[in-house]
Amino acid sequence: MSRSLWLLILPALVALACRSLPAAAPEARSAIPKNIVLVVGDGMGPSHFAAARLLRGEDFEAGRFPVTGLVATRSASSRVTDSAAAATAMATGVKTNNKMLGVDAEGKPRTTLLEFAKQAGRSTGLVTTSVFWDATPAAFAVHTASRENVAAIIGQILGSGVDLLAGAGAELFGRDGLPPLPSTAAQHGWSLITEPAALASAPPTKALAVFPSQPNDVENPGARLPVLARWALERLSKDPDGFFLVVEHEGTDKASHENAAADLMASLRSFDETVGVVAEFARERGDTLVLVAGDHETGGLRVVEDATGALALEFGTKLHTGSLVPLFALGPGAENFGGLYENTEISRKVQALSPGRTR
């Protein structure tokens, strides 16, 4: 088989393999989801999900989702997207140029899914293993022509009206032009959490959890992503009108950029464990749509065996690639997410599931 033909059919084969585990589909009790959770494995293409399945075995959670799709990721400016443009497409339903957040290719601000949720009276949250203003969560709450405008992005995201934020970057405040973290949080009315032990006593709204960054953006060992996801779900679910939540694992991308196989494996395990936390919440309630996806592929990953027959990961690049990425859906409306489509369709499909919302 030629290499070009293999590259064309690989994503479909991975999707089928991921779905081979027994599905534990929920009995959806509503046609329209009350809550929506988007779980993003940054940089995760087909081989990343294949590796996660091999690492997790029978515990592989994404493979239990009843619906699988394949998503094309090119941006308005390039066949190979960056995280800012990819997240903006998912958030707004509009393609934009690389490095842009929450705006179209002409720089015009576009309403995001998080902002639609706020307009509908729903609670909102953004959780990541990277800095809390990382491109993926920021694209849902910020409007700027450059992801490099760090100070402006922090100000926008803290003033956006989002109810809950969690991520890293605590060590970056108080230097390089950024004010101290406590004063930054207080300026915008946030309750600041900097120790994992304080998560349990955090308020249900305006809770800002910021921890030190970790090498290759792997999760903080004291505040693992599955723990942060459960923490966010517990707080946001108190809203009788529902919620919108984005949970991102950035370690899957950064470790792929660095070709760091051990950190990537650890991040893949953590990511799929997080998927399990969200899926369990959704199955128990029956009113929550869960979407699990990569935003683009990083590293040109190949899943191989080493000389002993153990799982090994090889990389073809330290950059992003233009690969299709898998998407897994569970809950009310999940049936709309099968097939092959552009990443902009994620936002449009979610909007179509919102009561009274038109495109």
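Overview of the structure. Here the residue numbering is sequential within each chain, running from 1 through the sequence in written order. Selection of residues for local features in this predicted model requires a pLDDT of at least 70, selection of side-chain atom pairs for listing and counting requires 80 or more, and totals for whole chains, interfaces and linings are taken over all residues. As a rule here, side-chain values come from all non-hydrogen atoms in the structure, and water together with hydrogens is ignored.

**With respect to the pairing of strand β7 (residues 243–249)**
Regular strands have side chains that alternate between both faces of the sheet.
Then comes step 1: Along β7, seven of the seven residues are buried, which leaves the element largely enclosed by surrounding structure.
Then comes step 2: Each residue is assigned to one of three classes by its accessible area relative to the maximum for its type, calculated with a 1.4 Å probe on protein chains only: buried under 20%, partly exposed between the two thresholds, exposed over 50%. Runs of H or I in DSSP of at least four residues are treated as helices and runs of E of at least two as strands, each being numbered from the N terminus. Of the two faces of β7, the one holding Phe243, Leu245, Val247 and His249 and the one holding Phe244, Val246 and Glu248 are both buried throughout.
Then comes step 3: Strands qualify as paired when DSSP identifies two bridges or more between them. Where strand β1 (residues 35–41) meets β7, six bridges bridge the pair, whose relative direction is parallel. Within the sheet, the bridge partner assigned to Ile36 lies in β7 and is Phe244.
Then comes step 4: As defined by bridge partners, strand β3 (residues 123–131) adjoins β7 across six bridges and the pair is classed as parallel.

**Side note on the packing of helix α3 (residues 83–92) against helix α11 (residues 344–352)**
Then comes step 1: Lines fitted to C-alpha atoms define the axes, with helix axes restricted to the stretch in contact, and inter-axis angles between N-to-C directions lie between 0 and 180 degrees. Between α3 and α11, the least distance of the axes is 5 Å, while the angle of their chain directions is 20°. By the angle between their directions, the pair α3 and α11 is classed as roughly parallel. Relative to α11, α3 is oriented so that their crossing is right-handed. Packed against α3, whose contacting residues are Ala89, Met90, Ala91 and Thr92, the element α11 presents Thr344, Ile346, Ser347 and Gln351 at the interface.
Then comes step 2: Side-chain classes are defined by residue name, with Ala, Val, Leu, Ile, Met, Phe, Trp, Tyr, Cys and Pro counting as nonpolar, Asp, Glu, Lys and Arg as charged, and the others, Gly among them, as polar. Looking at the contact of α3 with α11, its residues break down into four nonpolar, four polar and no charged. For classification purposes, angles smaller than 35 degrees are called roughly parallel, those larger than 145 roughly antiparallel, those between 65 and 115 roughly perpendicular, and all remaining angles oblique. Crossings are classed by handedness, with left-handed meaning an anticlockwise turn of the near helix from the far one by less than a right angle and right-handed meaning a clockwise turn. Contacts: residue pairs with any heavy atoms within 4.5 Å of one another.

**As for the sheet that holds β1**
Then comes step 1: Here we have 10 strands laid out as an open sheet, ordered β5-β6-β4-β3-β7-β1-β8-β13-β2-β14, and mixed in their pairing. Because the sheet does not close on itself, it has two edges, and the strands there are β5 (191–193) and β14 (339–342). Each strand of the sheet is rotated relative to its neighbour by a mean of 15°, with strand direction disregarded.
Then comes step 2: Note: β1 against strand β8 (residues 288–294), seven bridges, orientation parallel. Within the sheet, the bridge partner assigned to Val40 lies in β8 and is Ala293.
Then comes step 3: Packed onto the sheet, helix α8 (residues 225–236) meets β1, β3, β4 (164–168), β6 (207–211) and β7 and runs at close to 175° relative to β7.
Then comes step 4: The sheet contacts of α11 involve β1, β2 (67–72), β8, β13 (325–330) and β14, and relative to β14 the element is tilted by about 105°.

**Focus: empty space enclosed by the protein**
Here the idea is plain: a probe the size of a water molecule rolls over the atoms and shows the empty space left.
Then comes step 1: Both site types are read off a 1 Å grid over the protein atoms alone. A 1.4 Å probe that fits but cannot get out defines a cavity, while an open set with protein on both sides within 12 Å along at least five of seven lines defines a pocket; lining residues have an atom within 4 Å of a point. Grid points are joined across faces, edges and corners, and a volume is the space filled by probe spheres set on the points. The full count for this structure, using the stated rule, is two cavities of 30 Å³ or more.
Then comes step 2: Taken as a whole, the largest cavity spans an internal volume of roughly 70 Å³.
Then comes step 3: What lines the largest cavity is Thr128, Thr129, Gly167, Ala168, Phe211, Pro212, Gln214, Val218, Glu219, Asn220, Ala223 and Leu228.
Then comes step 4: Elements that contribute at least two residues to the lining of the largest cavity include exactly β3 and β4.
Then comes step 5: Along the lines of polarity and charge, the residues of the lining of the largest cavity split into six nonpolar, five polar and one charged.
Then comes step 6: Roughly 40 Å³ of internal volume is contained in the second largest cavity.
Then comes step 7: For the second largest cavity, the full set of lining residues is Val71, Thr73, Ala86, Met90, Ala293, Gly294, Asp295, Val325, Asn343 and Ile346.
Then comes step 8: Those elements giving two or more residues to the lining of the second largest cavity turn out to be α3 and β8.
Then comes step 9: Split into classes, the residues belonging to the lining of the second largest cavity amount to six nonpolar, three polar and one charged.

**Quick word on the pattern of salt bridges**
Then comes step 1: A side-chain nitrogen of Lys or Arg and a carboxyl oxygen of Asp or Glu constitute a salt bridge if their distance falls within 4 Å. All chains considered together, the criterion is met by 12 salt bridges.
Then comes step 2: Arg56 serves as the salt-bridge partner of Asp272, at 2.9 Å between the closest nitrogen and oxygen. Of this pair, Asp272 sits in helix α10 (residues 261–285) while Arg56 sits in helix α2 (residues 46–56), and the two are 216 residues apart along the sequence.
Then comes step 3: Between Lys95 and Glu342 there is a salt bridge, with the nearest N and O atoms lying 2.8 Å from each other. Of the two residues, Lys95 sits in the loop between α3 and α4 (113–119) while Glu342 sits in strand β14, which places them 247 residues apart along the sequence.
Then comes step 4: The exposure class assigned to Lys95 is partly exposed, which follows from its relative accessible area of 22%.
Then comes step 5: The class for Glu342 is partly exposed, based on a relative accessible area of 33%.

**Digging into the pairing of β4**
Then comes step 1: Where burial is concerned, most of β4 is hidden: five out of the five residues are buried.
Then comes step 2: With burial as the criterion, each face of β4 is covered, one bearing Leu164, Ala166 and Ala168 and the other bearing Leu165 and Gly167.
Then comes step 3: In terms of strand pairing, β3 meets β4 through four bridges, oriented parallel. Bridge pairing in β4 links Gly125 to Leu164.
Then comes step 4: Bridge count between β4 and β6: five bridges; the pairing is parallel. Across the sheet, Gly167 pairs through a bridge with Val210, a residue of β6.

Keep in mind these values describe shape, not function.
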